[in-house]
Amino acid sequence: MKIKDIIFGCILGAISVFSPASFLVLGAFLLSLWLIKKYIRTESQKFLIAIFITGFILRVILSSFNYYAAESAGIGSDIQPDARVYNTNAFYIASVITGNKYDQAMDRDAILKKGMEVAGAIHRGKLPPVGTYQIGFYVYLIGWIYSLLGYCPIAMKIMNSVFGCGTAILTYLIARRISGSEIISKASAAVVMFFPSMVLWSAALLRDTIANFLFLAYMLSLLVYIGSGSRRSLVMSLISTIVLSLFKEKAVLLLAAGFVFVLIAGLFRRILNRKHLTVFVALFFIFTVTAGIFLSNKNFITRQLHDKTISMFTQHQSYAADDRAFVYRIFKDSIYEKGKLQLSDFSDASLYFSVFKALAYFFLSPFPWQVPYYHLGLLMFYPQVLATFISLPFIMLGLLMSMRRNMYVTAIIVMVLALIAVPYALAEGVVGIVVRHRDMFMPFLVIFASYGFFRPKAGVE
């Protein structure tokens, strides 16, 4: 056995004894590097390992700074308000599970102590049901880790950082599938790895980074299935849907719809490649079966459509009415004055034009010409927004070039993205929330922008 192996083993042993959570994070980091080395056998492997390590180190520094800056300012464990709430709720869950009040941690953090008192009063010292407001699966997962490894908020932020770095690697794989170009794939991965908002959120105790990683895993699986028809990738997309729904409960129907849409598109493509009579018989059979299923479940389907659609618009209305945040409206005033909408209200043609307005706010706000005077924290996003505006021509050019390379694959991917992104855009209304939620889709804008910028130089591969 070599001396360096003995030293490395001693370091790991010391970490596991004195900081079990750090050992868990280090294990996740090393496992990620091993997976890149074993499964991504391309000419860019060394590049991906280099940016993964660099991106991880940057996020570790920011995660530590995030915690100590918030602690020094006396605002708790995180500079992000929602992250502080998640941490407090997870800490409460750990306390109930272990029966340990963690007095030492609360003595250092007055905000945590106050939050624990509030949580204890609300839940009466018992475990709240999963799905309670701001106590979803993610919060329970952090709570379980705290109960096993002790209170370790910095380690959990760094664990988010591992997933943040993994998001860039998945972006590379998706870009490679879409473009077939190494330079486009490497550029996309590098931009996503150091994308300011993605770096910021992955250094906080938020669920968005893990959700973004799982969403890209879902899209990559669908992309592989669209291109090759691999059943294994179809199973992986289904698993990604199930796991992602634990972190994004409201997205499960949209993810399922995207999954079904890809299945139907693939079925139609195989049918259209056959003889004309076979095509006619198959399409007639599919139409008959689909119509029968719809008619036999008409009331259930209509009720689900009504409830989910109304819920989406109700969420936007509540956001738009929040006078404590920097908000926006996408509908005419009479829509907001009606209170709760009904499906009959959607006969108003102006609602459909609002989709484009919603998408503009979702991907491009805060607009450079709208300075949020009473929300100066949003000023940090202006450089990123300006870069997105500048990239729009390249995104459109990249889409056109991707269509020219493979119209079927590009069209299906764009339609799946639209199927999921449009409801998200229509349900939003607070700019401070939008700048987090849209990062789930930003890797695709980066990919198409890289395609548009590099394609003339990259050649056809």
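Residues numbered from 1 in each chain as written. Predicted model: local features only at pLDDT ≥ 70, side-chain atom pairs only at ≥ 80, totals over all residues. Heavy atoms only, no water.

Right, let's talk about a nonpolar patch on the surface for a bit. Nonpolar side chains collect at one region of the surface, where V235, M236, L238, I239, I242, V243 and L246 lie side by side and expose about 560 Å² of accessible area between them. Mapping V235 onto the fold places it in helix 12 (residues 231-247). (Patch = residues over 30% accessible without salt bridge, like charges linked within 9 Å, V, L, I, M, F, W, Y side chains within 5 Å. Areas by Shrake-Rupley, 256 points an atom, 1.4 Å probe, with all protein chains shown as cover. Salt bridge = Lys/Arg side-chain N within 4 Å of Asp/Glu carboxyl O. Helix = DSSP H or I, 4+ residues; strand = E, 2+ residues; numbered from the N terminus.)

Let us now look at helix 4 (residues 81-98). Relative to the 26 Å expected for 18 residues at 1.5 Å per residue, helix 4 spans 26 Å between its end C-alpha atoms, a close match to the ideal helical length. Residues A83, R84, Y86, N87, T88, N89, A90, F91, Y92, I93, A94 and S95 constitute the buried set of helix 4. Its side-chain oxygen placed 2.8 Å from the backbone nitrogen of D82, Q80 serves as the N-cap of helix 4. G99 sits one or two residues past helix 4 and shows a positive phi near 75°. (Expected span 1.5 Å × (residues − 1). Buried < 20%, exposed > 50% of the residue type's maximum accessible area, 1.4 Å probe, protein only. Polar contact = N/O pair within 3.5 Å; in protein donor to acceptor, adjacent residues only side chain to side chain.)

In this structure the tally under the stated criterion is six salt bridges. Between R436 and D208 there is a salt bridge, with its nearest N and O atoms 3.2 Å apart. Pair noted here: R436 is in helix 20 (residues 431-437) and D208 is in helix 11 (residues 208-228), with a separation of 228 residues, a long-range link. An identical accessibility class is assigned to R436 and D208; each is buried. When salt bridges with common partners are traced through the structure, they connect D82, D208, K248 and R436 into a single cluster.

What follows is about the side chain of N212. Inspection of the secondary structure assignment puts N212 in helix 11. Judged by relative accessible area, N212 falls into the buried class, the value being 9%.

The next thing to look at is the confidence of the model for the chain. When pLDDT is averaged along the chain, the result is 84, and 82% of the positions lie at 70 or above. Across the chain, element-level confidence peaks in helix 9 (residues 182-193) with a mean pLDDT of 96 and bottoms out in helix 1 (residues 3-18) with 47. Below pLDDT 50 for its whole length, residues 10-18 participates in eight contacts with residues either more than four positions away or in separate chains. (pLDDT = per-residue confidence, 0-100. Contact = heavy atoms within 4.5 Å.)

Its place among the elements puts M380 in the loop between helix 17 (350-364) and helix 18 (382-405). Separated by 184 residues in sequence, M380 and P196 have C-alpha atoms that sit 9.3 Å apart.

Here we take up the packing of aromatic side chains. Centre-to-centre distance and the angle between the planes together describe a pair of aromatic rings. By the definition in use, this model includes 23 aromatic pairs. Considering the side-chain rings of F453 and F454, the 5.0 Å spacing of their centres and the 85° angle between planes classify their relative orientation as edge-to-face. The partly exposed category is assigned to F453, whose relative accessible area is 42%. Connected via pairs of aromatic rings, a cluster forms that spans Y86, F137, Y138, Y140, W144 and F247. Across the ring face of F47, the terminal group of K186 is positioned such that the distance to the ring centre comes to 5.1 Å. (Phe/Tyr/Trp six-rings, centres within 6.5 Å; stacked < 30°, edge-to-face > 60°. Lys NZ or Arg CZ within 6 Å of the ring centre and 35° of its normal.)

This part covers the packing of helix 2 (residues 20-39) against helix 3 (residues 45-73). Taken N-terminus to C-terminus, the directions of helix 2 and helix 3 make an angle of 165°; their axes are 9 Å apart at the nearest point. On the basis of the axis angle, helix 2 is roughly antiparallel to helix 3. Every pair of crossing elements has a handedness; the one defined by helix 2 and helix 3 is right-handed. Facing V25, F29, S32, L33, I36 and K37 of helix 2, the residues of helix 3 in contact are Q45, L48, I49, F52, I53 and F56. In the contact of helix 2 with helix 3, the residues fall into nine nonpolar, two polar and one charged. (Axes fitted to C-alpha atoms, helices over the stretch in contact; angles between N-to-C directions. Parallel < 35°, antiparallel > 145°, perpendicular 65-115°, else oblique. Left-handed = near helix turned anticlockwise from the far one by under 90°. Nonpolar A, V, L, I, M, F, W, Y, C, P; charged D, E, K, R; others polar.)

What follows deals with the environment of A105. Within the secondary structure layout, A105 lies in helix 5 (residues 103-108). Since its relative accessible area comes to 7%, A105 is described here as buried. As a C-alpha pair, A105 and C152 span 47 residues in sequence and 9.9 Å in three-dimensional space. Ignoring any residue separated from it by four or fewer positions in sequence, one finds A105 in contact with F91, L112 and Y151.

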